[in-house]
Amino acid sequence: RLRKWQRRIRVSNATERNLAFALSELDRMASALGLSRNVRETAAVIYRKAVDKNLIRGRSIEGVAAAALYAACRQCNVPRTLDEIAEVSRVSRKEIGRTYRFVSRELALKLMPTSPIDYIPRFCSGLSLKGEVQAKGIEILRQAAEKELTSGRGPTGVAAAAIYIASILCGDRRTQREVADVAGVTEVTIRNRYKELAEELGIEIIL
Amino acid sequence: MESTINIENVVASTKLAEEFDLIKIEAELEGAEYNKEKFPGLVYRVKSPRAAFLIFTSGKVVCTGAKNVEDVRTVITNMAQTLKSIGFEDVNLDPEIHVQNIVASADLKTDLNPNAIALGLGLENIEYEPEQFPGLVYRIKTPKVVVLIFSSGKLVVTGGKSPEECEEGVKIVRVQLENLGLL
DNA sequence: AACTTACTTTTTAAAGC
DNA sequence: GCTTTAAAAAGTAAGTT
């Protein structure tokens, strides 16, 4: 009887210790990425649900924490790419992606694929672009979405192309390299996407 | 009914003998690659019908790359004959062959909207992460196949054990998209 | 900017780590 | 789970020329 109680206490301690570690990890990664308190709390809720459903079995606490943070960013419409999450985690992009799929399915998060529009504010701030450019970029993406020009394309690449075009239209041009760097894509990708968007949306780009 | 799919790859397994001396095969067959530390199987490629073999010390063999189910038997029989001519007298020249997987492609010939399909089929039934891969992943229970759906209307069906299962997978996707009014 | 090569996803068996 | 093989789909990436 006494051993039974000791075991419960031990398990309880381990569970609490693991939860504390996970939460500190979430905070460390969130800080490194400059995420808001809202996103951190959302990630913590997702992590706790994962623990309640015993989804940690066979997985590392860090992997689930990283996946929870990735999911939280998407749920809060302030997405981070798997590569960005992986940069502040000790878990690989592949492992985070695999854990995300598992957790997302088990908790029925039902998240739609990331919208390029959600990357616009962050990328524009990173480029010191004003609200006008931001609004223009979003407008371009709305039109692009209606004409289904973004299907199957990487959201960051499409967002980067929209910002590149918007910056030119607003007379506050950023080079492809500058946009590529903040968006984490190559200049080739921006070139391919912006040419396609300009062509299909009938936008004249005068360099 | 015209064929709606193109078989791109057939994977099959069989057992040609009770055991194989992979070092001897590597020495006898030109082009054979064997690095026990890297992988326990010996890799050997043939051109007849083109295919690649993975040969194991247990006598079991995996054949991949064939373009037809019929080519699988042809290529495996040729492989058995080659091994026999190289000194393996006990190889089975008419082994039981198990097709394990068939990869096929198809074309619905209409542009598709992955986002609409994701909502139509249900987010819990599909996987679509354009940040990672342009195709939408749809897993069908019966037949147990996986269909990759692209915005171009092109499809990839994999996991099927027969061409019929792959055809059925395409048929199911086509019917479901039609019912959803997304075709 | 064009080419080439290559990696992302999915599937599947094999023997061993 | 990984290692190795083959193959398609379409996007993105990297190295050459």
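Before reading further, recall that the structure is shown in the block above.
Here's a quick rundown of the structure. (Residues numbered from 1 in each chain as written. Chains lettered and ligands numbered in written order. Predicted model: local features only at pLDDT ≥ 70, side-chain atom pairs only at ≥ 80, totals over all residues. Heavy atoms only, no water.)

## Things to note about the packing of helix H2 (residues 37-52) of chain A against helix H3 (residues 61-75) of chain A
All names here are of chain A. Where H2 contacts H3, the two axes come as close as 8 Å, and the packing angle between them is 130°. In terms of axis orientation, H2 runs oblique to H3. When the axes of H2 and H3 are compared, the crossing they make is right-handed. Two secondary-structure elements touch here, H2 through Val39, Thr42, Ala43, Ile46, Tyr47 and Ala50 and H3 through Ile61, Val64, Ala65, Ala68, Leu69, Ala71, Ala72, Cys73 and Gln75. In terms of residue class, the contact of H2 with H3 is built from 13 nonpolar, two polar and no charged. (Axes fitted to C-alpha atoms, helices over the stretch in contact; angles between N-to-C directions. Helix = DSSP H or I, 4+ residues; strand = E, 2+ residues; numbered from the N terminus. Parallel < 35°, antiparallel > 145°, perpendicular 65-115°, else oblique. Left-handed = near helix turned anticlockwise from the far one by under 90°. Contact = heavy atoms within 4.5 Å. Nonpolar A, V, L, I, M, F, W, Y, C, P; charged D, E, K, R; others polar.)

## Some remarks on helix H4 (residues 163-179) of chain B
Residue and element names in this part refer to chain B. The end-to-end C-alpha distance of H4, which contains 17 residues, comes to 24 Å, matching closely the 24 Å that a straight helix rising 1.5 Å per residue would cover. Every buried residue of H4 is listed here: Cys166, Gly169, Val170, Ile172, Val173 and Leu177. All buried residues of H4 fall inside an arc of 155° around its axis, so they share one side. Exposed side of H4, more than 90 degrees from the buried face: Glu164, Lys171 and Asn179 are the residues found there. (Expected span 1.5 Å × (residues − 1). Buried < 20%, exposed > 50% of the residue type's maximum accessible area, 1.4 Å probe, protein only. Arc of directions from axis to C-beta.)

## Quick word on the packing of helix H8 (residues 155-169) of chain A against helix H9 (residues 176-183) of chain A
Residues and elements named next belong to chain A. It is at 10 Å that the axes of H8 and H9 come closest, and there the two elements cross at 145°. For the crossing formed where H8 meets H9, the hand is right-handed. Contact residues: H8 offers Thr156, Ala160 and Tyr164, while H9 offers Gln176, Val179 and Ala183. Counted by class, the contact of H8 with H9 contains four nonpolar, two polar and no charged residues.

## Observations regarding the protein's contact with DNA strand C
Lining the immediate environment of DNA strand C, one finds 23 residues, of which Arg101 and Arg191 of chain A together with Pro40, Ser58 and Asn101 of chain B sit closest. Here, DNA strand C places atoms within 4 Å of the protein, and 67% of those atoms are sugar or phosphate. Between a phosphate oxygen of DNA strand C and a side-chain N or O atom of Lys195 of chain A, the distance comes to 3.4 Å. Within the side chain of Arg139 of chain B, one N or O atom sits 3.2 Å away from a phosphate oxygen of DNA strand C. Counting only elements with at least two residues in the surface near DNA strand C, the list comes to helix H5 (93-106) and helix H10 (187-201) of chain A together with strand E4 (60-66), strand E5 (98-107), strand E8 (145-149) and strand E9 (154-160) of chain B. Among the elements that take part in the surface near DNA strand C, E5 of chain B stands out by supplying three residues, more than any other. (Near = heavy atom within 4 Å. Polar contact = N/O pair within 3.5 Å; in protein donor to acceptor, adjacent residues only side chain to side chain.)

## What to know about the interface of chain B and chain A
Many descriptions give the size of an interface as the accessible area lost when the pieces come together. Every contact between the two is made by 16 residues of chain B and, on the other side, 19 residues of chain A. Each partner contributes to the roughly 1,500 Å² buried at the junction of chain B and chain A, and carbon and sulfur atoms together form 49% of this total. At the boundary of chain B and chain A, one finds one salt bridge. Across the pair Arg74 of chain A and Glu129 of chain B runs a salt bridge whose closest N-O atoms are separated by 2.6 Å. The tally of links from chain B across to chain A stands at seven residue pairs in polar contact (both at pLDDT 80 or more). Per-element accounting of the side of chain B that touches chain A gives the leading share, three residues, to helix H3 (residues 114-121) of chain B. Split into classes, the residues belonging to the side of chain B that touches chain A amount to seven nonpolar, five polar and four charged. (Buried area = accessible area lost by both parts, 1.4 Å probe. Salt bridge = Lys/Arg side-chain N within 4 Å of Asp/Glu carboxyl O.)

## Overview of the protein's contact with DNA strand D
Close to DNA strand D lie 30 residues, the nearest being Arg153, Gly154, Thr189 and Arg193 of chain A together with Ser152 of chain B. Restricting attention to atoms of DNA strand D within 4 Å of the protein, one finds that 72% of them are sugar or phosphate atoms. Contact between DNA strand D and Gly154 of chain A: a phosphate oxygen at 2.9 Å from a main-chain N or O atom of the residue. Going through the elements one at a time, H5 and H10 of chain A together with strand E1 (5-15), strand E3 (51-55), E4 and E9 of chain B are the ones with two or more residues in the surface near DNA strand D. For the surface near DNA strand D, the leading source of residues is E1 of chain B, giving three residues.

## Let's talk about the packing of aromatic side chains
Taken as a whole and judged by the stated rule, the model has six aromatic pairs over all chains. Aromatic pair Phe39 of chain B and Phe56 of chain B: ring centres 5.9 Å apart, planes at 70°, arrangement edge-to-face. Here Phe39 of chain B is found in the loop between helix H1 (22-28) and strand E2 (42-46), whereas its partner Phe56 of chain B is found in the loop between E3 and E4, with 17 residues between them in sequence. Note on Phe39 of chain B: relative accessible area 37%, which makes it partly exposed. Above the face of the Phe102 of chain A ring, Arg59 of chain A is positioned so that its terminal group lies 3.6 Å from the ring centre. Above the ring of Phe88 of chain B, the side-chain terminus of Lys24 of chain B is found at 4.8 Å from the ring centroid. (Phe/Tyr/Trp six-rings, centres within 6.5 Å; stacked < 30°, edge-to-face > 60°. Lys NZ or Arg CZ within 6 Å of the ring centre and 35° of its normal.)

## A word on the sheet that holds E2 of chain B
Residues and elements named next belong to chain B. Ordered by their spatial adjacency, nine strands build an open sheet running E2-E3-E4-E1-E5-E9-E8-E7-E6, and the pairing between neighbours is antiparallel. The two strands at the open ends of the sheet, each matched to only one other strand, are E2 and strand E6 (126-127). As defined by bridge partners, E3 adjoins E4 across four bridges and the pair is classed as antiparallel. Paired with Phe53 across the two strands is Cys63, which belongs to E4. The sheet strands contacting H4 are E1, E5, strand E7 (136-140), E8 and E9, and the helix crosses E9 at an angle near 135°. (Pairing = 2+ DSSP bridges.)

## Description of the environment of Val75 of chain B
All names here are of chain B. Looking at the secondary structure, you find Val75 in helix H2 (residues 69-85). Here Val75 falls in the buried class, since its relative accessible area comes to 2%. Along the primary structure Val75 and Cys63 are separated by twelve residues, whereas in three dimensions their C-alpha atoms are 8.4 Å apart. Among all residues touching Val75, those that are not within four sequence positions of it are Val46, Pro49, Ala51, Phe53 and Cys63.

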